[in-house]
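Structure assessment
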Amino acid sequence: MSLNLCIDWGNTSVKAAIFDNDVLQKQFAFPPSAALEKVSSMMEAFGPVKAILCSVVHNDDELLHLVKSKIKSVIKLDAYTRTPINNAYLSPETLGPDRLAQAVAAHMHNPARHNLVISIGTCVTYNLVQKNKTFRGGAISPGVHMRLKAMHAFTDKLPEVGLDGDLALLGYDTETCMRSGAVFGLAAEIDGMINAYESQYPDFNAILTGGDAAYFATKIKSKIFADPDLLLKGLNLILNYNVAFPR
């Protein structure tokens, strides 16, 4: 048994998973402040022989050093990491590695179709990988929490509103109007983007993922497949592609 450790350090949380070949065995989520302690405990408990780190933050050096001190075969995913798909992004050094990992997973699981990965987190990213296994790019827009916070931050009188609370299409006070605009506005954006991509790329598949995917899955009218573990699966695929046998 050869276990892999896959780590996704996002803007608001860290997720880590243990894979046995292509099978996800265990998954954990924790705040960035607990990353060193939690990952150290995972390595001690499971003894992975390969690891990959995907990070969209700048303060991950200590975690990377910790993992390398315990595991010989370690990859930090970046613009120069080999992947099983082609990367046609014109500024690969600015591409979030999470977007690339999601594209890899989408294509490897649906290689005969064009795949649009929609990841709903701090930001919403739209990532298209064509069936000729080429990642083309997509779009980035504010996530639902960012939209709510922005309305409060950039006005004098609008309150700070969260997702918790009554959600009505026809808001009946300022709080419910803000929540309606953020939630249903984003859902309409996603439906519109899916329709726009589908009109240009026949034989098309849309995949929903990210931290807020479950919340929006029931609010989107388009036919879409939800996979909350898509990023971790992509990291595991990239790790196995680069390190067939641990040193």
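This text follows the structure it describes.
The present account deals with the structure reproduced in this document. Because the structure is predicted, anything quoted here is derived from the model rather than measured. (Residues numbered from 1 in each chain as written. Predicted model: local features only at pLDDT ≥ 70, side-chain atom pairs only at ≥ 80, totals over all residues. Heavy atoms only, no water.)

1. Considerations on unusual backbone geometry
- For asparagine 21, which is not glycine, the phi torsion reads 60° and is therefore positive.
- Looking at where asparagine 21 falls in the secondary structure, it is placed in the loop between β2 (14-20) and β3 (23-30).
- A positive phi angle is found at aspartate 203, which is not glycine, with a value near 60°.
- Relative to the helices and strands, aspartate 203 resides in the loop between α5 (174-200) and β10 (204-209).
- We classify aspartate 203 as partly exposed; its relative accessible area is 37%. (Helix = DSSP H or I, 4+ residues; strand = E, 2+ residues; numbered from the N terminus. Buried < 20%, exposed > 50% of the residue type's maximum accessible area, 1.4 Å probe, protein only.)

2. Description of the layout of surface pockets
- Considering only enclosed or pocket space, the largest pocket measures out at about 1000 Å³ in volume.
- Lining of the largest pocket is provided by 49 residues; of these, Asp8, Gly10, Asn11, Val56 and Asp98 occupy positions nearest its centre.
- Among the secondary structure elements, those contributing two or more residues to the lining of the largest pocket are β1 (3-9), α3 (97-109), β7 (114-120), β8 (123-130), α4 (144-153) and α7 (230-242).
- The greatest single-element share of the lining of the largest pocket, amounting to 5 residues, is contributed by α3.
- Residues of the lining of the largest pocket, tallied by class, amount to 18 nonpolar, 19 polar and 12 charged.
- Taken as a whole, the second largest pocket spans an internal volume of roughly 170 Å³.
- Surrounding the second largest pocket, Arg113, Ile194, Asn195, Glu198, Phe204, Asn205, Ala206, Ser222, Lys223, Ile224 and Phe225 form its lining. (1 Å grid on protein atoms, 1.4 Å probe; cavity = no way out; pocket = protein on both sides within 12 Å on 5 of 7 lines; lining within 4 Å. Points joined across faces, edges and corners; volume = space filled by probe spheres on them. Nonpolar A, V, L, I, M, F, W, Y, C, P; charged D, E, K, R; others polar.)

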